[in-house]
Amino acid sequence: MGKQDKLLAKARRSPQGLQFQEFETLLSLCGWEFKRQTGSHRFWYSPQKYRLSLQPRKDGKAKGYQVKQFLEQYDRENETTT
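Just so you know, these numbers come straight off a predicted model, no measurement behind them.

Reading guide: rules and limits
Residues numbered from 1 in each chain as written. Predicted model: local features only at pLDDT ≥ 70, side-chain atom pairs only at ≥ 80, totals over all residues. Heavy atoms only, no water. Helix = DSSP H or I, 4+ residues; strand = E, 2+ residues; numbered from the N terminus. Pairing = 2+ DSSP bridges. Axes fitted to C-alpha atoms, helices over the stretch in contact; angles between N-to-C directions. Buried < 20%, exposed > 50% of the residue type's maximum accessible area, 1.4 Å probe, protein only. Arc of directions from axis to C-beta.

**Regarding the environment of Q69**
At step 1: With respect to the element layout, Q69 can be found in helix α3 (residues 64–81).
At step 2: Expressed as a C-alpha distance, the spacing of Q69 and L52, which sit 17 residues apart in the sequence, is 8.0 Å.

**With respect to unusual backbone geometry**
At step 1: With phi around 70°, K49 is a residue other than glycine that occupies positive phi space.
At step 2: Looking at the element boundaries, K49 is found in the loop between β2 (41–45) and β3 (51–54).

**Observations concerning the sheet that holds β2**
At step 1: Within the open sheet, the three strands sit side by side as β1-β2-β3. Their pairing is antiparallel. Where the open sheet ends on each side, the last strands, each with one partner, are β1 (33–38) and β3. Neighbour-to-neighbour, the strand axes of the sheet open up by a mean angle of 25°, direction not taken into account.
At step 2: In this structure, β1 lies alongside β2, joined through five bridges in antiparallel fashion. The residue of β2 that forms the bridge with E33 is Y45.

**A short note on helix α1 (residues 3–13)**
At step 1: Restricting attention to buried positions, one finds in α1 the residues L7, L8 and A11. For α1, the buried positions fall inside an angular range of 100° around the axis, keeping them on one side. Along α1, exposed side chains directed more than 90 degrees from the buried face belong to K6 and R13.

Structure (structure tokens):
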């Protein structure tokens with residue numbers, strides 16, 4: 001099981017428990033691209049150009065609803081490519 005698989009499993013198991021840095025690592029490993037930042041908003045784009053705006057929580061963790069948005073889009077894009 002590689003790093004991408006481990007982070008995906010952790011995100012699915014506990015979206016609220018993922019560190020923001022781990023979340024950005026997962027996005028990068030899944031082929032998403034960081035394009036720009038405006039204030040605290042970091043804009044990531046999927047391989048199919050879906051935009052996701054992310055902001056870390058004050059405690060350094062990823063916001064659970066944003067992790068869920070990513071997982072839904074990741075699954076949607078991987079259904080069409082397999």
